[in-house]
Amino acid sequence: MSDILKRLSDEGVSIWLDDISRDRLRTGNLVELVRDKHVVGVTSNPTIFAKALSKGNAYDDQVRDLALLGVDVEEASRAITTYDIRWGCDVLRPVYDRTDGMDGRVSIEVDPRLATDTAKTVAEARMLWWLVDRPNLFIKIPATREGLPAITETLAQGISVNVTLIFSLERYGDVVDAFFAGLEKARENGHDLTKIASVASFFVSRVDTEIDKRLDKIGSDEAKGLRSKAGLANARLAYALYEERFATDRWKALKDAGARPQRPLWASTGVKDPNLADTLYVDELVAPGVVNTVPEATLEAEADHGQVRGDTVRGTYADARAHMAALKEVGVDYDDVVRVLEDEGVEKFAASWKGMLDSITGELESKKAGA
């Protein structure tokens, strides 16, 4: 099964798992995925933690101790989530060492309720960096308008960043600029640029979900013929922009100072439309130097029947631009699509964060009552 995943890795795609839980860690499942399925990184988000906390009893002992100590829910949430992330970092540390820090990374997200507050986002990023205290950590910061200066300032302090919730090409360009500015400031601050890393998480399937909904509403044969292709086209054009920006003199100066490129990361790669191949957003986004962070179901599907046939990104740019132009012609407003997706992305993560806090609150109260 893993031969397909090895071929994917050999094409330059780093396979990261989009999931973490105490149960996955304590059973050794993550160790197995690293050993057997070519998994070289892990991402998390508030939804993943909310789901993990709602299942089983893996967190009972820690929650009981926190309840006995009278810890409030905000502090408890940090203690619980950073414990898992620290453990995950330790599992992935051999990969980090073997790849000289390129992979072996584990991501934790800042409180999504801070997405529109630059100063608090930076403060939260620093706190998480201190709490986890592992060199292979990534701090996830949303690519909102207010998030951009937070990305720059966090990188400037020598902290590695996973920029998340990128939907538009324009915003991706802003993210690259924020990355360059952060490294320039980090160099001025005396940080070793070889130790700072970053990825830019460009979301894929959610773009198709939103645009397909609009195409179905338009209802013409031409509109129907455009379904389920925008996510790939958008991501491929993001890679074209990546190639363009990382060929500039500005980047060359940073590279000469030891900087690593900010790799594109394909996020939201689980297929939501049952009519589509379940490995679509993996097989069709193969290019050198990218990360694909996949849910476990997608990882298993790719290992079983993925179709790895070399680079499926470079050489597609003209077709991708033509597709985006065709969407505009039938009446799909791209700018509105990406604005809605960013707003919804922040709202969904904030709702999941609240759900996680509510779950922890209930567990703390339950353990206090049973003490």
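Above this text is the structure in question.
Note that this is a predicted model, so its numbers are computed, not measured.

Here's the deal with the overall build of the protein chain
Thinking step 1. A count of helical and extended segments in the protein chain gives 17 helices and eight strands.
Thinking step 2. Its C-alpha atoms give the protein chain a radius of gyration of 20 Å, within 12% of the compact-globule value 21 Å for 371 residues.
Thinking step 3. Counting only C-alpha atoms, the protein chain reaches 65 × 50 × 40 Å along its principal axes.
Thinking step 4. Summing over all exposed atoms, the protein chain offers an accessible surface of approximately 15500 Å²; the carbon and sulfur share of this is 50%.
Thinking step 5. Averaging the locations of the 49 positively and 63 negatively charged side chains of the protein chain gives two centres separated by 2 Å.

So, the sheet that holds strand β7 (residues 263-267)
Thinking step 1. Taking strand neighbours around the barrel as the criterion, the eight strands line up as β1-β2-β3-β4-β5-β6-β7-β8 in a closed arrangement whose pairing is parallel. Pairs of neighbouring strands in the sheet enclose a mean axial angle of 30°, with direction left out of account.

Remarks on the pairing of strand β4 (residues 137-142)
Thinking step 1. β4 sits mainly inside the fold: six of its six residues count as buried.
Thinking step 2. A two-sided burial pattern is seen for β4, the buried positions comprising Leu137, Ile139 and Ile141 on one face and Phe138, Lys140 and Pro142 on the other.
Thinking step 3. Inspection of the sheet shows strand β3 (residues 105-109) paired to β4 by four bridges, in the parallel sense. In the strand pairing of β4, Ile108 is matched with Ile139.
Thinking step 4. Note that the unit made of β3, helix α7 (residues 118-132) and β4 has a crossover that is right-handed.
Thinking step 5. As judged from the four bridges shared by β4 and strand β5 (residues 161-166), these two strands associate in the parallel manner. Looking at β5, one finds that Pro142 is bridged to Thr164.
Thinking step 6. The handedness of the β4 to β5 crossover, carried by helix α8 (residues 147-156), is right-handed.

A closer look at the pairing of β3
Thinking step 1. Burial within β3 is extensive, with five of its five residues counted as buried.
Thinking step 2. Across the two faces of β3 the burial is the same, with Arg105, Ser107 and Glu109 and Val106 and Ile108 all buried.
Thinking step 3. Pairing of strand β2 (residues 39-42) with β3, which is carried by two bridges, proceeds in the parallel orientation. Bridging from a neighbouring strand, Val42 pairs with Val106 of β3.

Details of the pattern of salt bridges
Thinking step 1. Considering all chains together, one arrives at 36 salt bridges under this definition.
Thinking step 2. Salt-bridge contacts for Arg145 lead to Asp174; the nearest nitrogen and oxygen are separated by 3.2 Å. Here Arg145 is found in the loop between β4 and α8, whereas its partner Asp174 is found in helix α9 (residues 169-188), with 29 residues between them in sequence.
Thinking step 3. For Arg145, a relative accessible area of 46% gives the class partly exposed.
Thinking step 4. Here Arg250 ties to Glu184 by a salt bridge, and the two come within 2.8 Å at their closest N and O atoms. Pair noted here: Arg250 is in helix α13 (residues 249-256) and Glu184 is in helix α9, with a separation of 66 residues, a long-range link.
Thinking step 5. Given a relative accessible area of 34%, Arg250 falls into the partly exposed group.
Thinking step 6. Salt bridges linked by common partners bring Glu210, Lys213, Arg214, Asp336, Arg339 and Asp343 together as one network.

Things to note about unusual backbone geometry
Working note: non-glycine residues mostly have negative phi, and peptide bonds are mostly trans.
Thinking step 1. The phi dihedral of Leu165 is positive, around 55°, even though this residue is not glycine.
Thinking step 2. Position of Leu165 among the secondary structure elements: in strand β5.
Thinking step 3. Although it is not a glycine, Ser268 adopts a positive phi angle of roughly 55°.
Thinking step 4. Structurally, Ser268 can be placed in the loop between β7 and α14 (280-283).

Observations regarding α9
Thinking step 1. Across its 20 residues, α9 extends 29 Å between first and last C-alpha, which sits within 8% of the 28 Å expected from 1.5 Å per residue.
Thinking step 2. When α9 is considered as a whole, its buried residues turn out to be Arg171, Tyr172, Gly173, Val175, Val176, Ala178, Phe179, Phe180, Gly182, Leu183, Glu184 and Ala186.
Thinking step 3. Where α9 terminates, the next one or two residues include Gly190, which has phi positive at roughly 90°.

Quick notes on the nonpolar core
Within soluble globular proteins, side chains that are nonpolar tend to cluster in buried spots.
Thinking step 1. Counting 123 residues, the largest nonpolar core has Ile85, Ile139 and Tyr172 as its most contacted members.
Thinking step 2. When near neighbours in sequence (up to four residues on either side) are disregarded, Ile85 contacts Ile20, Ser44, Phe49, Val106, Ser107, Ile108, Val132 and Leu137.

Observations regarding a nonpolar patch on the surface
Thinking step 1. Residues Met127, Trp130 and Leu131 make up a contiguous nonpolar surface patch of roughly 320 Å² in combined accessible area.
Thinking step 2. On the secondary structure map, Leu131 appears in helix α7.

Quick look at the packing of aromatic side chains
Thinking step 1. Under the criterion given, the structure shown has twelve aromatic pairs.
Thinking step 2. Plain terms: the ring middles of Phe167 and Phe203 are 5.2 Å apart, the flat faces sit at 50° to each other, and that makes the pair tilted. Here Phe203 lies in strand β6 (residues 198-203) and Phe167 lies in the loop between β5 and α9, a separation of 36 residues in the sequence.
Thinking step 3. Ring geometry for Tyr172 versus Phe202: centroids 6.0 Å apart, planes at 75°, classification edge-to-face. Taken together, the residues Tyr172 in helix α9 and Phe202 in strand β6 connect sequence positions 30 residues apart.
Thinking step 4. Judged by its relative accessible area of 2%, Tyr172 is buried.
Thinking step 5. Classification of Phe202 by relative accessible area gives buried; the value is 2%.
Thinking step 6. Connected via pairs of aromatic rings, a cluster forms that spans Phe179, Phe180, Tyr239, Tyr242, Phe246 and Trp251.
Thinking step 7. Above the ring of Phe138, the side-chain terminus of Arg105 is found at 5.0 Å from the ring centroid.

About the criteria used
- Residues numbered from 1 in each chain as written.
- Predicted model: local features only at pLDDT ≥ 70, side-chain atom pairs only at ≥ 80, totals over all residues.
- Heavy atoms only, no water.
- Helix = DSSP H or I, 4+ residues; strand = E, 2+ residues; numbered from the N terminus.
- Rg over C-alpha atoms; globule rule 2.2 N^0.38 Å.
- Areas by Shrake-Rupley, 256 points an atom, 1.4 Å probe, with all protein chains shown as cover.
- Lys, Arg positive; Asp, Glu negative; His and termini not counted.
- Charge placed at Lys NZ, Arg CZ, Asp CG, Glu CD.
- Pairing = 2+ DSSP bridges.
- Axes fitted to C-alpha atoms, helices over the stretch in contact; angles between N-to-C directions.
- Buried < 20%, exposed > 50% of the residue type's maximum accessible area, 1.4 Å probe, protein only.
- Right-handed = clockwise from strand over helix to strand, strands pointing away.
- Salt bridge = Lys/Arg side-chain N within 4 Å of Asp/Glu carboxyl O.
- Expected span 1.5 Å × (residues − 1).
- Core = buried A, V, L, I, M, F, W, Y, C linked by side-chain atoms within 4.5 Å.
- Contact = heavy atoms within 4.5 Å.
- Patch = residues over 30% accessible without salt bridge, like charges linked within 9 Å, V, L, I, M, F, W, Y side chains within 5 Å.
- Phe/Tyr/Trp six-rings, centres within 6.5 Å; stacked < 30°, edge-to-face > 60°.
- Lys NZ or Arg CZ within 6 Å of the ring centre and 35° of its normal.

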